[in-house]
Amino acid sequence: MAGNQRKIEREERREKKERKHKLIVWIIIAVVVLALIIMKICEVNVNSIKDHFTDENGNFTLTEGVVADNFPFSLDASQNVKVTDYNNLLGVLTPNSFTVLDSKEASVNYAFEHGYSNPALAVSGVYSLVYDQGAKNYRLDTTSQPVYEEETARPILCADVAKNGTVALATTSKEKLCDVTIISKALKEEWSFSVSEGYIVDIALNDSGKSLAIAVVNSVNAELVTTVYTYSAGSSDGGEAVQLPSGTLAEIRYAGSSIWCVGDTYLGVIRKGEFAPAFEQESINTICYDFTSSGDLLIAYGGYSNSTDCTLSYVKSNGKVKNNISLAANIKDISATAGLVYVLTTDEIISYNYKNGEEKGRYDNNDSVKSICALGSSVYIHKQSVIDKK
């Protein structure tokens, strides 16, 4: 009798569970039917909803298609901020930190506080080099993680990084005037040498890190003279020495086998051991400039200091001027992207096709914008203590 009673109780529990399961199934079916009716009434495309919650691999996701635009992005400083194109991301150096931003969403890809008193930045490929100019600390990072942080024996004058992570450091010297050290991304010293011809004001590596150029300033007959010396990997003897026109050098940079030399009153390239000027000496007063991804140059200049009648020139990496755009405006900054150059003035941002000079668009602006950085079809502005997207 007891056995039969337990059997009856088990059957009742099983039937109760089955009724519960059937009820749940019918509720789900009712909800689905109701949803279909509502979508039919509202003419909602079921496939579009499916696509919205399906990732590129065809898997269901609740986040696909949802973009959180965090612009404007707040900075930890408003002065001495540098914003640059860093491997199609935004690299932002402030007096306190370095941040790598996703340019679409302003999400932080990578960030660190450097603690340097006079931070300077060089980027190439996926590598960034942040160093304390005039002090001894420097660090190499990628767009997403640290590589190393190190200290030099003497204060750093200038530095550069190649696409393969090779670092070139120019420092003061104990025995000569300057020392140059080339270091691999594995923190191995590749080669080094000393310079006694003058003080190094800029240094540049080519993409492979196998060619090096340094700009050295010394005094000749009571005048400052800038000379560029070039070296091959492992060599301490300058293969070639090229004297630049009189004036103040802003930057040297490799473009293939050529070396850009941008000055305050001159522009040209070093090719095959000779300086090839793009403009006649002292015919320009450089306002600002930017390089394209292919190594060409966009430069804004006036005919004299503080001129509001400016020219924007597109110059190929061989030093040949390909196009000029005349502007009656006070140019504060320019930024080049694929086929376009954005020009920041006191009251607007204007974009041009730099190959034919055609105006492509205008954006309202105010004088609080300090600099711009173009990525793809978007332009990003730095004003006060934020970065915003136009």
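Treat the numbers as computed from the prediction; the structure is a model and nothing was measured. (Residues numbered from 1 in each chain as written. Predicted model: local features only at pLDDT ≥ 70, side-chain atom pairs only at ≥ 80, totals over all residues. Heavy atoms only, no water.)

Can you walk me through the confidence of the model for the chain in this structure?
Detail in the predicted coordinates should be disregarded across regions flagged by low pLDDT. In this model, the chain carries an average pLDDT of 87, and 81% of its residues clear a pLDDT of 70 or more. Low confidence marks residues 41-57, where pLDDT is under 50. Its contacts with residues over four positions away, or in another chain, come to 15 contacts. Here residues 60-67 is modelled with pLDDT under 50, and outside its nearest four sequence neighbours on either side it reaches 10 contacts, counting other chains as well. (pLDDT = per-residue confidence, 0-100. Contact = heavy atoms within 4.5 Å.)

Before we go on, may I ask you to explain the nonpolar core in this structure?
If you look at soluble globular proteins, the nonpolar side chains tend to sit buried side by side. Val-180, Val-195, Ile-200, Leu-212 and Ile-214 are the most contacted members of the largest nonpolar core, which totals 32 residues. Leu-212 has contacts with Ala-168, Val-180, Ile-182, Trp-191, Phe-193, Ile-203, Ala-204, Leu-205, Tyr-229, Thr-230, Tyr-231 and Tyr-254, leaving out every residue within four places of it along the chain. Counting 16 residues, the second largest nonpolar core, distinct from the first, contains Leu-298, Leu-327, Val-343 and Tyr-354. (Core = buried A, V, L, I, M, F, W, Y, C linked by side-chain atoms within 4.5 Å. Buried < 20%, exposed > 50% of the residue type's maximum accessible area, 1.4 Å probe, protein only.)

What exactly am I supposed to notice about the pairing of strand S21 (residues 274-277) here?
The side chains of a regular strand alternate between both faces of the sheet. Alignment of strand S20 (residues 267-271) against S21, held across four bridges, turns out to be antiparallel. By the bridge assignment, Gly-268 is partnered in S21 with Pro-277. Where S20 hands over to S21, the hairpin turn is made up of two residues, of which Lys-272 adopts a positive phi near 55 degrees. (Pairing = 2+ DSSP bridges. Helix = DSSP H or I, 4+ residues; strand = E, 2+ residues; numbered from the N terminus.)

I'm lost on the sheet that holds strand S8 (residues 137-142) in this one. Help?
Each strand in a sheet pairs with its neighbour through backbone hydrogen bonds, running either in the same direction (parallel) or in the opposite one (antiparallel). Taking strand neighbours across the sheet as the criterion, the four strands line up as S6-S7-S8-S9 in an open arrangement whose pairing is antiparallel. Two strands close off the open sheet at either side, each with one partner strand: strand S6 (119-124) and strand S9 (146-151). The sheet shows a mean angle of 15 degrees between the axes of neighbouring strands, taken without regard to direction. Across six bridges, S6 lies against strand S7 (residues 127-132) in antiparallel orientation. When the bridges of S7 are listed, Ala-122 appears paired with Leu-129. (Axes fitted to C-alpha atoms, helices over the stretch in contact; angles between N-to-C directions.)

When you look at the state of the cysteines in this model, what are you seeing that I'm missing?
In a disulfide, the sulfur atoms of two cysteines are covalently bonded to one another. All chains considered together, the criterion is met by zero disulfides. For Cys-288, which is in no disulfide, the shortest distance to another cysteine sulfur is to Cys-310 and amounts to 8.5 Å. (Disulfide = S-S within 2.5 Å.)

Would you mind going over the packing of aromatic side chains with me for this structure?
Within a pair of aromatic rings, the relevant descriptors are the distance that separates the centres and the angle that separates the planes. Applying the stated criterion across every chain yields a total of 13 aromatic pairs. Look at Tyr-289 and Phe-291: their rings are 5.8 Å apart centre to centre, the planes differ by 85 degrees, and that puts the pair in the edge-to-face class. On the basis of relative accessible area, Tyr-289 is assigned to the partly exposed category, the value being 23%. Residue classification places Phe-291 among the buried residues on the basis of a relative accessible area of 10%. Chaining the aromatic ring pairs together yields one cluster made of Tyr-86, Phe-98, Tyr-110 and Phe-112. A cation over an aromatic ring shows up here: Arg-139 above the ring of Phe-112, its NZ or CZ 3.6 Å from the ring centre. (Phe/Tyr/Trp six-rings, centres within 6.5 Å; stacked < 30°, edge-to-face > 60°. Lys NZ or Arg CZ within 6 Å of the ring centre and 35° of its normal.)

Explain the sheet that holds strand S27 (residues 340-345) to me, please; I cannot follow it from the model alone.
The four strands are arranged S26-S27-S28-S29 in an open sheet whose pairing can be described as antiparallel. Every other strand in the sheet has two partners, leaving strand S26 (331-337) and strand S29 (359-364) as the edge strands with one partner each. On average, adjacent strands in this sheet sit at an angle of 15 degrees to one another, irrespective of strand direction. In this sheet, S27 lies alongside S26 in antiparallel orientation, the contact comprising six bridges. From the neighbouring strand, Asp-333 faces S27, where its bridge partner is Leu-344.

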